[in-house]
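# Remarks on the overall topology
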Amino acid sequence: MCGIIGYTGKKQAEPILLEGLKRLEYRGYDSAGIAILKNGTIEVRKKQGKLHVLADELRRLPIEGITGIGHVRWATHGIPNEINAHPHLDEKKKIAVVHNGIIENYQALKKKLITEGHRFISDTDTEVIPHLIEKFYKGNLTDAVRRAASLLKGSYAICCFHKNEPHKIVGARCDSPLIIGLGKNENFFASDIPAILNYTQNVVFIDNAEIAEITPKSYRIINYKGKKILRKPTRIKWNISQAEKEGFKHFMLKEIFEQGKVTKNILEERIKKNSIHFEELALKNTDLKRIKNIAIVACGTAFHAGLTGQYVLESLTGIPVWVDTSSEFRYRNPIVGKETLAIFISQSGETADTLAALREAKRKGAKTLAICNVLASSIARESDGVVYTHAGPEIAVASTKAYTAQLTILYLLSMHIARKRSKLSEKDFNKLLLQFKKLPHILEKTLSKYRKEKNNIANYAKLFREYYLKMHHKSTFLYLARNINYPNALEGALKLKEISYISAEGYPAGEMKHGPIALIDENPWVVCIATKSAVYDKMISNIQEIKARGGIVIAVATEGDKSIRNQNINYIIEIPEISEFFSPIVVVVPLQLLAYYVAREFNYDIDQPRNLAKSVTVE
Ligand code: M6R
């Protein structure tokens with residue numbers, strides 16, 4: 001939800017801010033703006049629409065200057081127009097501010113500021129910030145921000161500068177991410193690491209209720225009481241090519257194709273000499289033995305990974321597991337306590353509902369564990385233990401490689417807990433490990449079929465589009481699966497709807513007769529996961545029921561399954577043979593590709609689907 005960046009150094013700020021915003025655009029893309037200090041005056045350019053609109057404007061009207069801030073917006077308060085776009089200024093145009101988050105008490109603050117003579121021009125909550133800073137400014141921006149920030153309620157990451165302090169940018173954070181990037185004679189603020197990776201891999205993470213200031217040669221962090229905080233930089237292992245498309249048309253496609261490598265890296269990192277290692281877990285063997293139940297809490301795709309985690313954890317550890325969406329868990333007064341292990345899954349580690357759910361679980365005494373991709377993110381830092389997925393930056397809004405990475409970690413974690421609790425014999429553990437180690441190769445084999453531009457999934461997407469137009473836009477999708485692949489039905493449907501805007505539902509196939517079968521006629525295309533498994537025959541029966549009612553079926557089947565070819569199925573997508581237990585990590589790949597190709601047929605903006613943002617840092 002919004003991306004912010006700040007630069008002060010010796011180079012021209014404009015191209016650096018624009019490039020950083022390009023890498024933050026996944027966080028919001030309904031408007032964008034920058035403010036740069038030019039010869040003692042703050043110059044602002046902002047534009048409604050995607051970043052390229054602002055870039056065009058800057059080509060026409062460039063701004064020279066070496067200190068500046070930038071913003072990409074996902075609107076919360078006020079429609080996405082030019083006035084509401086950031087940066088926002090104070091009345092005397094001495095202070096420029098960009099903000100990510102929501103100021104919950106902005107109305108009360110605004111009312112008071114108006115009575116004190118301040119005039120507002122936008123509908124945003126953000127505009128109170130430059131006015132408050134203006135009110136407290138007595139020649140030291142850091143101090144004014146500290147006083148202003150202590151009045152703000154809600155979530156925020158802020159960057160700002162004052163025209164009288166030309167080489168200084170001040171940032172503040174509360175529940176929205178903000179980092180400092182340390183360069184040579186130049187320093188940065190940013191919402192996320194990829195924005196600054198081209199310039200530095202040395203990063204300082206800012207914590208909640210902290211104010212930070214940067215100049216080209218220094219950085220300083222204080223708390224709201226003004227007390228100095230010493231924090232050393234962290235060296236980030238990501239490199240810039242990971243945050244680039246590397247010849248792929250879209251980040252989503254690149255990230256789908258990275259999944260073989262990502263799982264291989266995870267297994268290599270975690271499996272050493274036939275045992276599983278989680279150095280950062282922070283759970284002692286005695287803790288693992290004490291667990292009586294496990295709660296998995298997450299949103300969206302991470303929630304679907306959690307649902308698969310339930311099957312895997314329960315079957316290997318024998319511990320009862322339940323899975324909740326974070327937004328429900330946080331308000332439901334869930335029954336968790338000292339004997340609960342609460343696992344929070346989040347790619348970004350910043351999802352507001354998941355963070356709130358984590359705090360609720362901690363408050364109730366549960367042991368908490370995060371599975372996150374983004375290093376030192378809020379959820380990772382606030383949990384008792386963390387396991388990083390190390391999947392590299394995921395830029396496309398539609399999550400793909402983070403999902404398979406989360407699944408991989410959940411399998412490893414389940415095996416680890418099962419072993420520590422003596423629920424899995426050494427022999428069975430080794431057998432599973434052997435199968436698991438083959439998985440990256442199977443994934444690569446699956447993906448290699450689709451490296452060619454022309455492949456059967458791309459072709460089915462083309463046929464779907466033709467059908468959709470013929471049916472006057474009435475066609476929809478239904479995804480059916482059973483058992484351990486059921487969460488993939490939900491995930492396949494989510495992927496399709498978020499990037500192609502076509503209505504799609506995921507269902508456990510056994511529930512078909514309890515409602516969804518009423519939908520079957522010639523309209524919906526029904527994706528059935530019918531790979532070789534214990535529930536194969538039942539899936540075939542479901543397929544027959546759909547065919548008997550004139551439905552169109554796409555089946556995901558196992559290579560070499562001849563009998564499925566006799567089922568009069570319209571379209572078949574094959575995956576290599578794999579054990580049912582590990583199959584979810586492979587089965588999801590054709591579903592991701594189907595969603596991708598359908599969206600591409602309609603020429604949609606795949607990496608930045610409408611209304612969505614990658615990191616949902618507001619409720
Ligand atoms: O960063 P998180 O994993 O916490 O994000 C959770 C969801 O917002 C996310 O998975 C969302 O559903 C994706 N757009 C799905 O592709």
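To start, this report covers the structure provided alongside it. (Residues numbered from 1 in each chain as written. Predicted model: local features only at pLDDT ≥ 70, side-chain atom pairs only at ≥ 80, totals over all residues. Heavy atoms only, no water.)

### Section: the overall build of the protein
Counting its secondary structure elements, the protein contains 18 helices and 27 strands. Scaling as 2.2 N^0.38, a compact globule of 619 residues should have a C-alpha radius of gyration of about 25 Å, and the protein matches this with 25 Å. In terms of principal-axis extent, the alpha carbons of the protein reach across some 80 × 60 × 45 Å. Of all 619 residues assigned to the protein, the portion counted as buried reaches 63%. Counting contacts in the protein only where the partners sit at least 6 residues apart, residues at least 24 apart contribute 71% of the total. Of the roughly 24200 Å² that the protein leaves accessible, carbon and sulfur atoms contribute 50%. Across the protein, the 90 positively charged side chains and the 66 negatively charged ones have centroids separated by 4 Å. (Helix = DSSP H or I, 4+ residues; strand = E, 2+ residues; numbered from the N terminus. Rg over C-alpha atoms; globule rule 2.2 N^0.38 Å. Buried < 20%, exposed > 50% of the residue type's maximum accessible area, 1.4 Å probe, protein only. Contact = heavy atoms within 4.5 Å. Areas by Shrake-Rupley, 256 points an atom, 1.4 Å probe, with all protein chains shown as cover. Lys, Arg positive; Asp, Glu negative; His and termini not counted. Charge placed at Lys NZ, Arg CZ, Asp CG, Glu CD.)

### Describing the layout of surface pockets
The computed volume of the largest pocket comes to approximately 550 Å³. Secondary-structure elements contributing two or more residues to the lining of the largest pocket are α9 (300–317), β20 (340–346), α11 (352–363) and α16 (486–500). K22, E25, K245, F251 and Q608 are, among the 18 residues lining the second largest pocket, the residues nearest its centre. Secondary-structure elements contributing two or more residues to the lining of the second largest pocket are α1 (13–24) and α2 (51–60). The biggest single contributor to the lining of the second largest pocket is α1, with three residues. Split into classes, the residues belonging to the lining of the second largest pocket amount to five nonpolar, three polar and 10 charged. (1 Å grid on protein atoms, 1.4 Å probe; cavity = no way out; pocket = protein on both sides within 12 Å on 5 of 7 lines; lining within 4 Å. Points joined across faces, edges and corners; volume = space filled by probe spheres on them. Nonpolar A, V, L, I, M, F, W, Y, C, P; charged D, E, K, R; others polar.)

### Considerations on empty space enclosed by the protein
Tallied over the entire structure, the rule returns three cavities of 30 Å³ or more. Within this model, the largest cavity holds a volume of roughly 210 Å³. What lines the largest cavity is a set of 26 residues, among which S191, D192, S348, E350 and V374 lie closest to the centre. By residue class, the composition of the lining of the largest cavity is 14 nonpolar, five polar and seven charged. Viewed by domain, the lining of the largest cavity spans two of them, domain 1 (3–243) and domain 2 (251–437), each represented by three or more residues. Put simply, the second largest cavity is a space of about 80 Å³. (Domains from an automatic or database assignment.)

### Description of the site of the ligand
Near the ligand, the surroundings consist of 13 residues, among which S346, Q347, S348, T351 and E498 are the closest. A distance of 2.6 Å separates an oxygen atom of the ligand from a polar atom in the side chain of S348. T351 has a polar side-chain atom sitting 2.4 Å from an oxygen atom of the ligand. Alone, the ligand offers 410 Å² of accessible surface; in the complex the protein occludes 91% of this. (Near = heavy atom within 4 Å. Polar contact = N/O pair within 3.5 Å; in protein donor to acceptor, adjacent residues only side chain to side chain.)

### Regarding the packing of α9 against helix α13 (residues 401–420)
Closest axis-to-axis distance for the α9/α13 pair is 9 Å, and the angle between their directions is 20°. Relative to α13, the element α9 lies roughly parallel. Classified by chirality, the crossing of α13 by α9 is right-handed. Residue-level inspection shows T301, A302, H304, A305, G306, T308, G309, V312, L313, L316 and T317 of α9 in contact with α13, the latter providing Y403, Q406, L407, L410, Y411, S414, M415, I417 and A418. A class-by-class count of the residues in the contact of α9 with α13 yields 12 nonpolar, eight polar and no charged. (Axes fitted to C-alpha atoms, helices over the stretch in contact; angles between N-to-C directions. Parallel < 35°, antiparallel > 145°, perpendicular 65-115°, else oblique. Left-handed = near helix turned anticlockwise from the far one by under 90°.)

### Structural notes on the environment of L463
Checked against the element boundaries, L463 lands in helix α15 (residues 456–470). Ignoring sequence-local partners within four residues, the contact set of L463 consists of W525 and Y571.

### A word on the environment of D175
Here D175 is to be found in the loop between β8 (169–174) and β9 (179–182). A C-alpha to C-alpha distance of 8.5 Å links D175 and D207, two positions 32 residues apart in sequence. Contacts of D175, omitting those with residues within four sequence positions, involve S155, N208, L355 and R359. A polar atom in the side chain of D175 sits 2.8 Å from the side chain of R359.

### Some thoughts on the pairing of strand β12 (residues 210–215)
Within β12, five of the six residues are buried, which leaves it mostly tucked inside the rest of the structure. Summarising the sheet, β8 and β12 pair through five bridges and their orientation is antiparallel. Bridge pairing links A172 to I211 in β12. Two elements, β12 and strand β13 (residues 218–223), share six bridges in a ladder whose sense is antiparallel. The partner of E210 across the bridge, within β13, is N223. (Pairing = 2+ DSSP bridges.)

### Observations regarding the sheet that holds strand β23 (residues 477–481)
Judged by pairing direction, the sheet is parallel, and its five strands sit side by side in the order β24-β23-β25-β26-β27 without closing on themselves. Each edge of the open sheet is held by one strand with a lone partner, namely β24 (504–508) and β27 (571–575). Shown here is a sheet whose adjacent strand axes are inclined to one another by a mean of 20°, direction ignored. Pairing between strand β26 (residues 552–558) and β27: five bridges, direction parallel. Looking at the pairing, A555 lines up with I572 of β27. The strands touched by α15 within the sheet are β23, β25 (525–529), β26 and β27, with β27 carrying the most contacts at an inclination of about 155°.

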